[in-house]
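# Residue-level structure breakdown
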Amino acid sequence: MTYAITQTCCNDATCIAVCPVNCIHPTPEEPDFGRTEMLYIDPKSCIDCGACADACPVDAIFPADALRPGQEAYAAVNAAFYEDRAPREAPAGGPVFHAWGAPAFERSLPSDFGPLRVAVVGTGPAGMYAAEDLLLHTGAEVTLIDRLPVAGGLVRYGVAPDHPATKRIGDTFARFHTHPRVRMYLGVQVGTDVTDEELAAHHDAVVYAVGAAGDRRLGIPGEERTGSVSATAFVAWYNAHPEVGPDAIDLSGTERVVVVGAGNVALDVARILVAAPETLAATDIADHALAALRASAVREVVLLARRGPEDLSCTAPELLALGQLPGVRLVVDDHDPRVWAAVEAAEPRDKAALLRGAVRERVDWARPPGGERRIVFRFHSAPEEVCEGAIRVTGGADASGPAGPDRAPGPAEIPAGLVLRAVGYRGLPVADLPFDETTGTVPHTGGRVEGRPGTYVVGWIKRGPSGGIGANRTCAAETVGTLLADAVAGVLPKPAGTARGFDRLARSRARHVVDARGLAAIERAERARGEEAGRPRVKLGSLPELVAAARGRRRAAG
């Protein structure tokens, strides 16, 4: 028997560290790490020890012969990764099963290296990996800062509620919230409550891990119409983000939703819109979102992709999961001869091959959605204009003759009560730091912000909105390595302020500061609400509720 990694893989690489036979790849030392959709176990090398399953922070690893219904395909997915890879031969006469790389010690700190005081702005995965690295490998004191009165970032407000295993990475991060060398200041906005200069004046170094809170635009007429919403806002809405109100999304009377994009976020949005409310009731989805979805008339979600199925930007695991939704049909609109030709020509390892089980249909958009719930992929079709109650797209039925490189299909109009733009996240300017408007990132060298001694970036604001949760571990390791190298070189500016001085400053400026004790109180309150409702957790969805819970008070919803 062998083990297999499933779609909830976070690329954290903890499993790689504990594997005794080097059978999980790509490793952080290999070029493909962070570029593949997940990690993979070699079935020919696995010795069935189970160490990886025990170490996995998101419960993504299972015995291949005990995979749950809907996950059986992952045994083949893991094996397929190794089909065209050269076998790794065991060293001749050696006691190990496989060749290992030479030991590497990338950091070397002097024996008299003193403790640093480092501020980490942002408590999502990137910030917490940076904090973890500092706490486990140095004697640093870490100040955790977040503009919201609750920690978690992308784990709390970005991961879909029907992926509870992925959210478990938050438990790994939570153990550092109460670390003796950590001080936590939630509800403090850098740039408003305290300036970046004031923050730097009280710390040896500042690491910004603020993510990519904005969204990319379509740049078409009607984009700002009522009924046209960013997927960023929709994800925040169903995850109970306190800055997105319960009434931000209106699903009443909407039978068809068009999602522009075909990446993982687009698939998340489509899945949530057509999932059975009874299934979502077992998650931590926002109360207002669950109520809206229960009352929703949505029967059809259209995923609009500019390119063909051979260029799908989602991951294979997410696409595979989409075709396994109970009671939901997966349809490919056969409006363009290139579409199904690409599906049929796909190799077994290609993502397009996963669409062979979908229904092939020439969709008549003039007809309203039927009684069945379904998700429709429409490829080779780009948005042209958001109209009143519809979206105009390329690739219409009125094109004369077959589609081809020299003959673009004409336009089509798809009636839709809601259009969701899922074409990517985008970083926003950070305090007074330099900012690249083109990439939506802070310019840096190895995480170091040039011209700003002692200032660093990590995560999406550093590299752009790419990579899963675990990709932030290697990203954080690079930034922390750069920070420590600067400290050893003596180029970090010496702070004029003290930890106590920053505490007084933050509490005098921010109206409601939540510390680790307050965060624990929020956790207890949400779990208690969940127990009352028969759910794992019911999130507090407003700033006043979160602050009241942090202070140990119950506040009526709304």
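Our subject is the structure that appears above.
Here's a quick rundown of the structure. (Residues numbered from 1 in each chain as written. Predicted model: local features only at pLDDT ≥ 70, side-chain atom pairs only at ≥ 80, totals over all residues. Heavy atoms only, no water.)

Strand order across the open sheet formed by 3 strands is β16-β17-β18, with antiparallel pairing between neighbours. Strands at the two margins of the open sheet, each flanked by one partner only, are β16 (383-387) and β18 (411-415). Pairwise comparison of adjacent strand axes, ignoring direction, gives a mean angle of 20 degrees for this sheet. With 4 bridges joining them, β16 and strand β17 (residues 390-394) adopt antiparallel strand pairing. Residue pairing across strands places Val386 opposite Ile391, the latter belonging to β17. (Pairing = 2+ DSSP bridges. Helix = DSSP H or I, 4+ residues; strand = E, 2+ residues; numbered from the N terminus. Axes fitted to C-alpha atoms, helices over the stretch in contact; angles between N-to-C directions.)

Here we come to the packing of aromatic side chains. Under the counting rule described, the total for this entry stands at 8 aromatic pairs. For the pair Tyr425 and Trp460, a centre-to-centre distance of 5.6 Å together with 45 degrees between the ring planes defines the contact as tilted. Residue Tyr425 is located in strand β20 (residues 425-426), and its partner Trp460 is located in helix α15 (residues 460-463); the two are separated by 35 residues in the primary sequence. The exposure class of Tyr425 is buried, given its relative accessible area of 16%. By relative accessible area, Trp460 is classed as buried at 15%. Through pairs of rings, three or more aromatic residues link up here, namely Tyr40, Phe81 and Tyr82. (Phe/Tyr/Trp six-rings, centres within 6.5 Å; stacked < 30°, edge-to-face > 60°. Buried < 20%, exposed > 50% of the residue type's maximum accessible area, 1.4 Å probe, protein only.)

The next point concerns the sheet that holds strand β7 (residues 182-186). A sheet is described by the order of its strands in space; here 5 strands give the open sequence β7-β6-β5-β8-β21, paired in parallel fashion. Each of the sheet's edge strands pairs with one partner strand only, and the pair in question is β7 and β21 (455-457). With direction set aside, neighbouring strand axes in the sheet form an average angle of 20 degrees. Here helix α17 (residues 499-509) sits on the sheet and contacts β5 (117-121), β6 (141-146) and β7; the angle it forms with β7, its principal contact strand, is near 15 degrees. (Contact = heavy atoms within 4.5 Å.)

Of note, the amide linkage connecting His25 to Pro26 takes the cis form, showing an omega dihedral of -5 degrees. Secondary-structure assignment places Pro26 in the loop between β2 (24-25) and β3 (40-41). Notably, Asn11 is not glycine yet its phi reads approximately 60 degrees, a positive angle. Examined against the element boundaries, Asn11 turns out to sit in the loop between β1 (3-5) and α1 (14-18). For Asn11, a relative accessible area of 8% corresponds to the buried category. With a phi angle near 75 degrees, Ala13 is a residue other than glycine that sits in the positive phi range. Checked against the element boundaries, Ala13 lands in the loop between β1 and α1.

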